[in-house]
Amino acid sequence: MYGRDPWGGALEINATDSATDDDRSRNLQDFDRAALSRNLDETQQSWLLGPTEKKKKKYVDLGCIIVSRKVFKWTLGCIIAAALIAGFVTLIVKTLPKHRHRSPPPDNYTLALRKALMFFNAQRSGKLPKHNNVSWRGSSGMQDGKSDDSTMFKNLVGGYYDAGDAIKFNFPQSFALTMLSWSVIEYSAKYEAAGELSHVKDIIKWGTDYLLKTFNSSADTIDRIVAQVGKGDTSGGPDPNDHYCWVRPEDIDYPRPVTECHSCSDLAAEMAAALASASIVFKDNKVYSQKLVHGARTLFKFSREQRGRYSNGNEAAIFYNSTSYWDEFVWGASWLYYATGNTSYLQLATTPGIAKRAGAFWGGPDYGVLSWDNKLTGSQVLLSRLRLFLSPGYPYEDILSTFHNQTSIIMCSFLPYFSSFNRTKGGLIQLNHGRPQPLQYVVNAAFLATLYSDYLAAADTPGWYCGPNFYSTDVLREFAQTQINYILGKNPRKMSYVVGFGNRYPKRVHHRGASIPKNKVKYNCKGGWKWRDSSKNNPNTLVGAMVAGPDKNDGFHDVRTNYNYTEPTLAGNAGLVAALVALSGDKSVGIDKNTIFSAVPPMFPTPPPPPAAWKP
């Protein structure tokens, strides 16, 4: 039996194969060509060739990790390429011209604000800092205190000259510092936006440093304070004094007397208000702030214990006569409450008897007019703020609601729809009823109107009522704008009453330092009269000075000897600065709601007394 091939052939080759070796050779060659004419897969190749030898991969040892050399090269290359691209892009960005977003140009109020602050630089007494930026001013008053043997205060260098002369009146100076501090507390963000925050704080500190020298600020109890440095004799006598002599402050060589007072409630309480408000401005400087608070406490205690008007029977009555000290009690106590959080000051400020004596419950022609003499209106606005945002309730609510209602009435009196005050044909409100030097009262009203409108806005109140009529807060701001715009040049004379602002402004300001050239010539008292009486423009520009202002007919005389038109004052310029910063910049910025309350503890209404014990 023969074995068979499963595919149909014999197993023995020789059995049926008669082909020769040559034939087999040709057949194998044909088979090889047929096999190679088609591609072989890996399995077939492995049958024919056997297992292939795999290529060894190369690695890189990086210490903490071992990676393929190929991966390492790719990664390194990508990093280098990315670094080159980033450097190229950075180079292009830096070399291309930059298109920065331009901030909008400052408004007129901001421009005027920067100039108005410069006036205080020109009024500085003492050794001036290098950055004072008033080229025609130099150090002066370096012997203040030392030249008067009758006073115990020997270092009275510093502070500010009041107006066009070289007298330092503490009463209006303190009011000016209080107004400046108030404006910083409410509108520090706007000062910052105008680039003037550090400047105005420097101005305030220059004044408060001086006030601390005018009494024993380290003591808890005092018996005297300085009211004035310099003399303003108006009798026309030949003795050299700060009124008779027309000389630059730097050239003063005559003795300057010091006026002390021992019963001056109004002056002491106003000085206390200045130091207390400034302590809030400098609250980040704890040592200085506490020094100011201590001085304010001491002054206010003195004002309550030594009753009397500071201007009673002395020279101050001619220049800055105080009509009452009750309004300063409310004003000083209000600021001390905000500075300390001590409710005893709030209780005093809200005592109905004191408010009545200050004139809160009767009208009068000057009711609602804030000035260096009458601070009642400022106190009412200041305490209305407390009710709007903290609402302390009993036992303060009664008088606080009264002050709030009175503030609303005062704001109504500023509006043109009411006849409380006349207006000139040009639109200037006559808060002093046609008397000279009107602008100092106008700027204070403009500040209070803007501030109160911002109070209402911050309290989410759209307006207030004047009788049955409801008025939007925008109306108050419009009033303030029309008045300040008048002062800045929108008036019948097309003249700015702020020196250096606009194209047309007073050139013969009643001011000794500005009217005498800095030419190394020292004039004696009468020698300077030729500059006083000259019809030429001042050789030095008193930048930022707001003059006294026009008359009730919008008339103005640019005459140096007529101080009722051309003399600027510290108190007037402080109100101008406050009004300008309140109106400046973006309206949406508003007030700083919280800073003024930084020392005030949480307020809880006084609980009612417990019921009587139960008896069966």
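Here, the structure is the one placed above.
If you're wondering where the values come from, they're calculated on a predicted model, not measured in any experiment.

Q: Any chance you could explain the pairing of strand 7 (residues 469-472) here in plain terms?
A: Two faces belong to every sheet, and in a regular strand the side chains alternate between them. The pairing of strand 6 (residues 463-466) with strand 7 spans 4 bridges and is classified as antiparallel. If you follow tryptophan 464 over to strand 7, its bridge partner there is tyrosine 471. Hairpin connection from strand 6 to strand 7: 2 residues lie between these consecutive antiparallel strands, with glycine 467 at a positive phi of about 65 degrees.

Q: In this structure, what is going on with the environment of leucine 439? I would like to understand it.
A: You can see leucine 439 is positioned in helix 16 (residues 439-458). Judged by relative accessible area, leucine 439 falls into the buried class, the value being 0%. Residues leucine 439 and valine 547, spaced 108 residues apart in sequence, show a C-alpha to C-alpha distance of 7.8 Å. Sequence-distant contacts of leucine 439, that is, excluding residues within four places in its chain, are made with Leu428, Ile487, Tyr497, Met546, Val547, Ala548, Gly549 and Pro550.

Q: Quick question: what am I supposed to make of helix 5 (residues 108-122) here?
A: In an α-helix, one full turn covers 3.6 residues, which means residues spaced three or four apart are oriented alike. Helix length check: helix 5, at 15 residues, gives a terminal C-alpha distance of 22 Å against a target of 21 Å (1.5 Å per residue), a fit within 8%. Within helix 5, 11 of the 15 residues are buried, which leaves it mostly tucked inside the rest of the structure. By the burial criterion, the buried members of helix 5 are Tyr109, Thr110, Ala112, Leu113, Ala116, Leu117, Met118, Phe119, Phe120, Asn121 and Ala122. Structurally, helix 5 contributes buried residues whose contacts are with helix 6 (170-194), helix 7 (197-211), helix 17 (473-487) and helix 21 (570-583). For helix 5, the capping residue at the N-terminal end is aspartate 107, with a side-chain oxygen 3.0 Å from the backbone nitrogen of tyrosine 109.

Q: So what exactly am I meant to see when it comes to the packing of aromatic side chains here?
A: How two aromatic rings sit relative to each other is given by the distance of their centres and the angle of their planes. Tallying each qualifying case throughout the model produces 31 aromatic pairs. Where tryptophan 182 meets phenylalanine 447, the ring centres are 5.4 Å apart and the plane angle is 85 degrees; that geometry is what we call edge-to-face. Of this pair, tryptophan 182 sits in helix 6 while phenylalanine 447 sits in helix 16; the two residues are 265 residues apart in sequence, bridging distant segments of the chain. What makes tryptophan 182 buried here is its relative accessible area of 0%. The interplanar angle of 75 degrees and the centroid separation of 6.3 Å between the aromatic rings of phenylalanine 300 and phenylalanine 329 together place this pair among those described as edge-to-face. Remark: phenylalanine 329 occurs in helix 11 (residues 326-340) and phenylalanine 300 occurs in helix 9 (residues 286-305); sequence separation between them is 29 residues. Among the aromatic side chains, those forming a connected cluster through ring pairs are Trp182, Trp331, Trp335, Tyr337, Tyr338, Phe447 and Phe597. Cation over ring: lysine 205 sits above tyrosine 288, and NZ or CZ is 4.6 Å from the ring centre. Sitting over the ring of phenylalanine 329, arginine 304 keeps its end group 4.8 Å from the ring centre.

Q: For this particular structure, what's the right way to read helix 15 (residues 397-414)?
A: With 18 residues, helix 15 ought to run about 26 Å at 1.5 Å a step, and its terminal C-alpha atoms sit 26 Å apart, in line with that. Of all the 18 residues making up helix 15, 13 are buried; the element is thus mostly covered by neighbouring parts of the structure.

Q: Which parts of the structure should I look at to understand the environment of asparagine 121?
A: Within the secondary structure, asparagine 121 sits in helix 5. In the structure, asparagine 121 is positioned 81 residues away from aspartate 202 in sequence and 9.9 Å away in space, judged by C-alpha atoms. Once you skip the residues sitting within four places of it in the chain, asparagine 121 turns out to touch Asn132, Val134, His199 and Ile203. Among the polar contacts made by the side chain of asparagine 121, one reaches the main-chain carbonyl oxygen of asparagine 132 at a distance of 2.8 Å.

Q: What's the story with the state of the cysteines in this structure? I'm lost.
A: Cysteine pairs can be linked by a disulfide, which is a covalent bond between their two sulfur atoms. Scanning the entire structure with this criterion turns up 3 disulfides. A sulfur-sulfur separation of 1.7 Å characterises the disulfide bridge that pairs cysteine 245 with cysteine 525. Looking down the S-S bond of the cysteine 245 and cysteine 525 bridge, the torsion is 60 degrees, so its handedness is right-handed. Of this pair, cysteine 245 sits in the loop between strand 4 (225-229) and strand 5 (258-261) while cysteine 525 sits in the loop between helix 18 (512-515) and helix 19 (529-532), placing them 280 residues apart in sequence.

Q: What should I look at first to understand the pattern of salt bridges in this one?
A: Between side chains of opposite charge, a pair can form as their charged atoms come close. Applying the stated criterion to the full structure yields 20 salt bridges. Between arginine 532 and aspartate 533 there is a salt bridge, with the nearest N and O atoms lying 2.9 Å from each other. What makes arginine 532 partly exposed here is its relative accessible area of 23%.

Q: Is there a simple way to explain the environment of leucine 383 in this structure?
A: Inspection of the secondary structure puts leucine 383 in helix 14 (residues 376-389). What makes leucine 383 buried here is its relative accessible area of 0%. Placed 18 residues apart in sequence, leucine 383 and serine 401 show a C-alpha to C-alpha distance of 9.4 Å. Dropping the residues within four chain positions of it, leucine 383 is found in contact with Val330, Ser334, Tyr338, Leu346, Ala349, Leu400 and Phe403.

Calculation notes
- Residues numbered from 1 in each chain as written.
- Predicted model: local features only at pLDDT ≥ 70, side-chain atom pairs only at ≥ 80, totals over all residues.
- Heavy atoms only, no water.
- Pairing = 2+ DSSP bridges.
- Helix = DSSP H or I, 4+ residues; strand = E, 2+ residues; numbered from the N terminus.
- Buried < 20%, exposed > 50% of the residue type's maximum accessible area, 1.4 Å probe, protein only.
- Contact = heavy atoms within 4.5 Å.
- Expected span 1.5 Å × (residues − 1).
- Polar contact = N/O pair within 3.5 Å; in protein donor to acceptor, adjacent residues only side chain to side chain.
- Phe/Tyr/Trp six-rings, centres within 6.5 Å; stacked < 30°, edge-to-face > 60°.
- Lys NZ or Arg CZ within 6 Å of the ring centre and 35° of its normal.
- Disulfide = S-S within 2.5 Å.
- Salt bridge = Lys/Arg side-chain N within 4 Å of Asp/Glu carboxyl O.

Any functional reading would require information beyond the geometric quantities listed.
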